[in-house]
Amino acid sequence: QVRLVEPGGGLVQAGGSLRLSCKASGSIFRLTFMGWYRQAPGTQRELVARFSGSDSTEISDSVKGRFTVSRDNAKRTLYLEMNDLKPEDTAVYYCNLDQRRWSLGDSWGQGTQVTVSS
């Protein structure tokens, strides 16, 4: 089993910054496909940014230029640096680790609330 713990999150004013982290533990084979998703009330969960290979990343157009995803393999930790936050970034942010290609499943964190006030 995989456990993803996401401390961080919180309330920030528009234009501010926040850093999320996600610590992985348990049955970890590869952190190759690891990323952040978010879900605002009444909407579907959407991709924010993720690693899609050793060094390849996918970043949503809505956050491109403002958010940066990074990973520390030795610490088994994923980060999301969020700058110039906007009220529309308000959502629950979820960490995801996809190890399905190694038959270890698709794992999700419990989610952390990010609220951006205008």
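Positions within a chain are numbered from 1, following the residues in the order the chain's sequence is written. Under the rules for a predicted model, residues below a pLDDT of 70 receive no local features and side-chain atom pairs below 80 are neither given nor counted, while totals for whole chains, interfaces and linings still include all residues. Only hydrogens and water are set aside; all other atoms, that is, all heavy atoms of the structure, feed into the side-chain values.

### Examining the state of the cysteines
Reasoning step 1: The definition used for a disulfide is geometric: two cysteine sulfur atoms within 2.5 Å. Taken as a whole, this structure holds one disulfide when the rule is applied.
Reasoning step 2: The disulfide bridge from C22 ends at C95, spanning 2.1 Å between sulfur atoms. A torsion of -80° about the S-S bond marks the disulfide between C22 and C95 as left-handed. Of this pair, C22 sits in strand β3 (residues 18–26) while C95 sits in strand β9 (residues 91–98), placing them 73 residues apart in sequence. Per residue, the accessibility class of C22 equals that of C95, and both read buried. Labels follow the DSSP assignment, with helices taken as runs of H or I lasting at least four residues and strands as runs of E lasting at least two, numbered in each case from the N terminus. A 1.4 Å probe rolled over the protein chains alone gives each residue an accessible area, and that area as a share of the maximum for its type sets the label: buried under 20%, exposed over 50%, partly exposed in between.

### Quick notes on the sheet that holds strand β1 (residues 2–5)
Reasoning step 1: The strand order β1-β3-β8-β7 describes an open sheet built from four strands, whose pairing is antiparallel. Pairing within the sheet leaves two strands with one partner each, and these edge strands are β1 and β7 (67–72). Neighbouring strand axes in the sheet, compared pairwise and without regard to direction, differ in orientation by 15° on average.
Reasoning step 2: We call two strands paired when DSSP finds no fewer than two bridges between them. Relative to strand β8 (residues 77–82), β3 is paired through six bridges, and the arrangement is antiparallel. Looking at β8, one finds that S21 is bridged to Y79. Whenever a helix is involved, its axis is fitted only over the stretch in contact; in every case the axis is a line through C-alpha atoms, and angles between N-to-C directions fall within 0 to 180 degrees.

### Things to note about unusual backbone geometry
Reasoning step 1: Look at D84: it is not a glycine, yet its phi comes out positive at around 50°.
Reasoning step 2: Tracing the backbone shows D84 in the loop between β8 and β9.
Reasoning step 3: Overall, D84 belongs to the partly exposed group, its relative accessible area being 37%.
Reasoning step 4: Not every positive phi belongs to a glycine, and S103 is a case in point at roughly 60°.
Reasoning step 5: Looking at where S103 falls in the secondary structure, it is placed in the loop between β9 and β10 (106–108).
Reasoning step 6: By relative accessible area, which is 67% here, S103 ends up exposed.

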